[in-house]
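Summary of structural features
Read off the chains here:
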Amino acid sequence: MKLESKLYVAGHCLSFAAATFKGDPWRIERYPAICARIRHPEHGHIVFDTGYSQAFFSQTRRFPSRLYRMATPVRLAPGESLADQLAEEGIQPSEIGHVILSHFHADHVGGLSDFPSATIIADTGGWAYLRDKRGFAAVRKGFVPGLIPSDFEKRFRGILYRRQVRLGEGMGPFRIGYDLFGDGSILAVYLEGHARHQVGILFDDIDLGPTFLCADAAWSRRAIRENTGPGRMGYMAVDDVQAADGTLGRLHELHKRNPGLRIVPSHCQEVWEEIKGGSRV
Ligand SMILES: [Zn+2]
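Residues numbered from 1 in each chain as written. Predicted model: local features only at pLDDT ≥ 70, side-chain atom pairs only at ≥ 80, totals over all residues. Heavy atoms only, no water.

Okay, the coordination of the zinc ion next. Geometrically, a metal with four donors at the corners of a regular tetrahedron has ideal angles of 109.5 degrees, and one with six donors at the corners of a regular octahedron has ideal angles of 90 or 180 degrees. The protein atoms that coordinate the zinc ion are His-103 (NE2), His-105 (ND1), His-194 (NE2) and Asp-216 (OD), at distances of 2.1 to 2.2 Å. Mapped onto the sequence, the residues coordinating the zinc ion show the spacing H-x1-H-x88-H-x21-D. Of this pair, His-105 sits in the loop between strand S5 (96-100) and helix H5 (106-109) while Asp-216 sits in the loop between strand S12 (209-215) and helix H9 (221-226), and the two are 111 residues apart along the sequence. No difference in accessibility class separates His-105 from Asp-216, as the two residues are buried. (Donors = N, O, S within 2.8 Å, 3.2 Å for Na, K, Ca; no water. Helix = DSSP H or I, 4+ residues; strand = E, 2+ residues; numbered from the N terminus. Buried < 20%, exposed > 50% of the residue type's maximum accessible area, 1.4 Å probe, protein only.)

Applying the stated rule across the entire model yields 12 aromatic pairs. Each ring, one from Phe-56 and one from Tyr-68, has its centre 5.6 Å from the other, and the planes form 70°; the classification is edge-to-face. With Phe-56 in helix H2 (residues 54-59) and Tyr-68 in helix H3 (residues 66-71), this pair connects stretches of sequence that are 12 residues apart. Judged by its relative accessible area of 11%, Tyr-68 is buried. Seen from their ring centres, Trp-127 and Phe-143 are 6.3 Å apart, and the 75° between their planes marks the pair as edge-to-face. Within this pair, whereas Trp-127 is found in helix H6 (residues 124-130), its partner Phe-143 is found in the loop between helix H7 (135-139) and helix H8 (152-155), the two being separated by 16 residues in sequence. (Phe/Tyr/Trp six-rings, centres within 6.5 Å; stacked < 30°, edge-to-face > 60°.)

Moving on, we get to the side chain of His-40. Among the secondary structure elements, His-40 is positioned in strand S2 (residues 28-40). A relative accessible area of 3% places His-40 in the buried class. Among the polar contacts listed, one links the side chain of His-40 to the side chain of Asp-183, at a separation of 2.6 Å. Among the polar contacts made by the side chain of His-40, one reaches the side chain of Ser-185 at a distance of 3.3 Å. Beyond its immediate stretch of four places on either side in the chain, His-40 contacts Met-1, Leu-3, Ile-46, Phe-181, Asp-183 and Ser-185. (Polar contact = N/O pair within 3.5 Å; in protein donor to acceptor, adjacent residues only side chain to side chain. Contact = heavy atoms within 4.5 Å.)

What follows concerns the pairing of strand S13 (residues 262-265). Here S13 shows no split at all, with Arg-262 and Val-264 on one side and Ile-263 and Pro-265 on the other all buried. The sheet contact formed by S12 and S13 spans 4 bridges and is parallel. Bridged to Phe-212 within S13 is Ile-263. (Pairing = 2+ DSSP bridges.)

Okay, the nonpolar core next. The biggest cluster of nonpolar side chains holds 40 residues, and the ones touching the most others in it are Leu-101, Phe-104 and Phe-152. Those residues in contact with Phe-104 that sit more than four places away from it in its chain are Val-109, Ala-122, Asp-123, Gly-126, Trp-127, Leu-130, Gly-142, Phe-143, Ile-148 and Phe-152. In this structure, Ile-186, Phe-203, Ala-215 and Trp-272 belong to the second largest nonpolar core, which totals 27 residues. (Core = buried A, V, L, I, M, F, W, Y, C linked by side-chain atoms within 4.5 Å.)

What follows deals with the pattern of salt bridges. Tallying each qualifying case throughout the model produces 16 salt bridges. Glu-89 is paired through a salt bridge with Arg-37; the nearest N and O atoms lie 3.3 Å apart. Here Glu-89, found in the loop between helix H4 (82-88) and S5, pairs with Arg-37, found in strand S2; they are 52 residues apart in sequence, far enough to count as distant. A salt bridge links Glu-153 to Arg-131; the nearest nitrogen and oxygen atoms lie 2.9 Å apart. One end of the pair, Glu-153, is in helix H8; the other, Arg-131, is in the loop between H6 and H7, and 22 residues separate them in sequence. Overall, the relative accessible area of 45% leaves Glu-153 in the partly exposed class. (Salt bridge = Lys/Arg side-chain N within 4 Å of Asp/Glu carboxyl O.)

And the structure:
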């Protein structure tokens, strides 16, 4: 099934290039928080990750959550949150039926409270791992508890309860996906390492073909092309370094085997340039 989709940048953060790409200089650069909206013929608008929103600033005002925004200072222009951009297009928050979360880092759940009626699809184990963490234990894992809506568990659906499917040849070396809507339209693919039980999603864009939103499994398309992970500082918030390196290696392999596949990392500057230029990438 082919689906309409669009990418958005909901704020950006500042970080050292050396932290995001091993061997790059200690230069401060801007990294977008990319999210996506997919339109499903039956389920309506579906959002993948939510970027930053005003809630990020209010919830990181006090220590220790404040350490998060000290480590990666965040910029969000007026009207730049995902909900604001959707409203500008005439899509109200109540029209977002589902939010799929790749993982629970604050730059991916920052706008979650802007979609109060959406069913939230994410990994159960990833949530169980974080949900009781508070204070330094939370911030060390990139988790800001106040960004999670109070009725989260009522609206939460786990990925592993979905039908498991074998991915097509074009996705090798990745083999297994989870059919999120029971019709093969959007498949979740596990991308371990960066955060506990992180997932990406695979779908077939109506214009640009098979599309793999790989969240933070790679910082950039360049990292995938060159199979180069972050610098030592960039590994600080990584859950399992060995697994993250393995996942990046598999993305590199996937790109080599299927160079035409559209892969979108959440913080890729190349993708950001193309979005800014008005082209669909
Ligand atoms: Zn992350």
